[in-house]
Structure formats: C-alpha cells, structure tokens
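Architecture and fold: a report
In case you want the letters, here they are:
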Amino acid sequence: MRILVISDIHANLTALDAVLTDAGEFDAAWCLGDLVGYGPDPNECIAKVRVLPNLRCIIGNHDAAVLDQIDTKTFNLEARQALEWTKKTLTESSISFLSSLHQKIEINNVTLTHGSPRHPVWEYLMDSQTAALNFDYFSTPYCFVGHTHLPVVYTREEKKFVVYKPTPNNKITLSPRTIINPGSVGQPRDHDPRTAYVIYNPEENTWDYRRLTYNIPAVQTRMADAQLPERHIVRLQAGW
Ligand code: ZN
C-alpha cells in the first residue's frame, strides 16, 4: 500500500502539481494541514487536495486563521497580510472544505496532526525536549506532524531518544515509537527550496522521503501579481 503524505502546501499549486506527478499512483493521501497562507493558489490547491483518493486531512494554523478560529493578530505582519488576501480570495466551497477539517485523526497505527499531539494547531516541534514531552500525548506507534516545514525524525526507543534529519530521496524504516515530519510541499524552510513529500508504506513501515525541483519563478510571478508580501516571494527561492 502506498500512502502519499504531504504537509504545508501553502497555496503553492506548482509545487503540489510536481509532487502529484512524481508520486504516481497511490492508495490514500494524508495531508497534515496548512493548505493555504503565503501562496497565490489557495482555491486551486484545495480543489486538487479534496479529490485525492481516500483523503484524510488535518487543519493547520493558517487554515484555522482564515476561518477566524484563530486571531490573525497572533501572526507576524507579512503572514497576516497573506492571510487577509487569502480570506478575500477563498470561495464558499473552499471555506466549507476547510471548515470540515479536524485537528487530530488516528488512522490505523498513526496519529495525524499539524503542530504536535499535545497542541495540534499551534505547538512547533523544533527540538528534542519538546518532542520528548509529546510522546505522552498519542498512543499509536507513529505520529505524523507538519507545521515547522522541517523534515525530522524523533524516535523514542527503550533506553534512548534518537533525532535526525532524514536524507532526501532515501527510504527509511520506521521503528515505534516515532514522531516524524515530511517537510513542506509549498514553502520548505530547511534551506533546500525543493518541494518535499513522502510515500509511506504501512505494511513495511517504510518512509520514502523525496525532494524535487519545481518551477519556483512561476509561483513568484503569481505572488507578485497578487501583491503578496515581497519577503515571502524571496524566501521561496532560498528555502527558508
Ligand atoms: Zn505551515
């Protein structure tokens, strides 16, 4: 079984299309939130994601903000400007899809959430101490998270805690219990501007982590046309 795992698309249709083309056939798609915010194609990305086979999708903090579930004042100036633009741009149909999303889902052996199992919408798992505390907040062998836009693996074994950054275009075998982040489709922040996604095989417990180049200038042009913040346009090229 092949499950597409994607996160933090952030309204970047060109990156999402590159991922979907490269992924080929898959049996299910799990999306870990933040479909919108920053990028120029929120409705187009939602339209693509909502028809993926056997979709399970989580709400992210940017998705919650455009629904007024979170105060946009809690975001920095540029993120807020992008959210205001997104709010004006979203169709009724897109809003209704985002409104249907949950903060945390358990499916088979896996917990899906955006930020962390402890605080699904907000908490950033940026270090091993915070990650270690979160192992008490899910009961499945695995937990898949997004939010930081940084691919990382946290594994708690009997006597040790292992943290590492996975190697792109390489398959690893997951061992329980693990919290793992596939990276961001639409706005990578690990100084590698390539789009990121994963094919997870639940029978073999394999995590096939992939990075791909895509047409970044095309996205930047659409962002400029929409008068989205310059800082977000620039950072896409550098991957931060
Ligand atoms: Zn995000």
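Above this text is the structure in question.
Not measured: the values here are computed from a predicted model.

**Examining the pattern of salt bridges**
Side chains carrying opposite charge are able to pair once their charged atoms draw close together. Counted according to the given criterion, the structure contains 11 salt bridges. Salt-bridge contacts for Arg210 lead to Asp22; the nearest nitrogen and oxygen are separated by 3.8 Å. With Arg210 in strand β12 (residues 206-212) and Asp22 in helix α1 (residues 13-23), this residue pair connects regions lying 188 residues apart in the sequence. Looking at Asp22, the relative accessible area reads 34%, which means it is partly exposed. For Glu123, the salt bridge goes to Arg118, with nearest N and O atoms at 2.4 Å. Given the relative accessible area of 12%, Glu123 is considered buried. Judged by its relative accessible area of 25%, Arg118 is partly exposed.

**Topic: the nonpolar core**
Counting 49 residues, the largest nonpolar core has Leu4, Ile6, Ile9, Leu16, Leu35, Leu98 and Tyr197 as the members making the most contacts within it. Judged by nonpolar contacts, the second largest core, of 21 residues, contains Val110, Tyr142, Phe144 and Tyr200.

**Observations concerning the coordination of the zinc ion**
Ligation of the zinc ion by protein atoms is provided by Asp8 (OD), His10 (NE2), Asp34 (OD) and His149 (NE2), these donors lying 2.1 to 2.4 Å from the ion. Of note is the zinc ion, whose four donor atoms meet at the metal with angles of 85 to 177 degrees in an arrangement that counts as irregular. Each donor residue of the zinc ion lies on the same chain, and together they follow the pattern D-x1-H-x23-D-x114-H. Taken together, the positions of His10 in the loop between β1 (3-6) and α1 and His149 in the loop between β6 (142-144) and β7 (152-156) put the pair 139 residues apart, joining distant regions of the chain. When sorted by exposure, His10 lands in the same class as His149, which is buried.

Conventions and cut-offs
Residues numbered from 1 in each chain as written. Predicted model: local features only at pLDDT ≥ 70, side-chain atom pairs only at ≥ 80, totals over all residues. Heavy atoms only, no water. Salt bridge = Lys/Arg side-chain N within 4 Å of Asp/Glu carboxyl O. Helix = DSSP H or I, 4+ residues; strand = E, 2+ residues; numbered from the N terminus. Buried < 20%, exposed > 50% of the residue type's maximum accessible area, 1.4 Å probe, protein only. Core = buried A, V, L, I, M, F, W, Y, C linked by side-chain atoms within 4.5 Å. Donors = N, O, S within 2.8 Å, 3.2 Å for Na, K, Ca; no water. Tetrahedral: all angles 85-135°; square planar, octahedral: opposite > 155°, others 65-115°.

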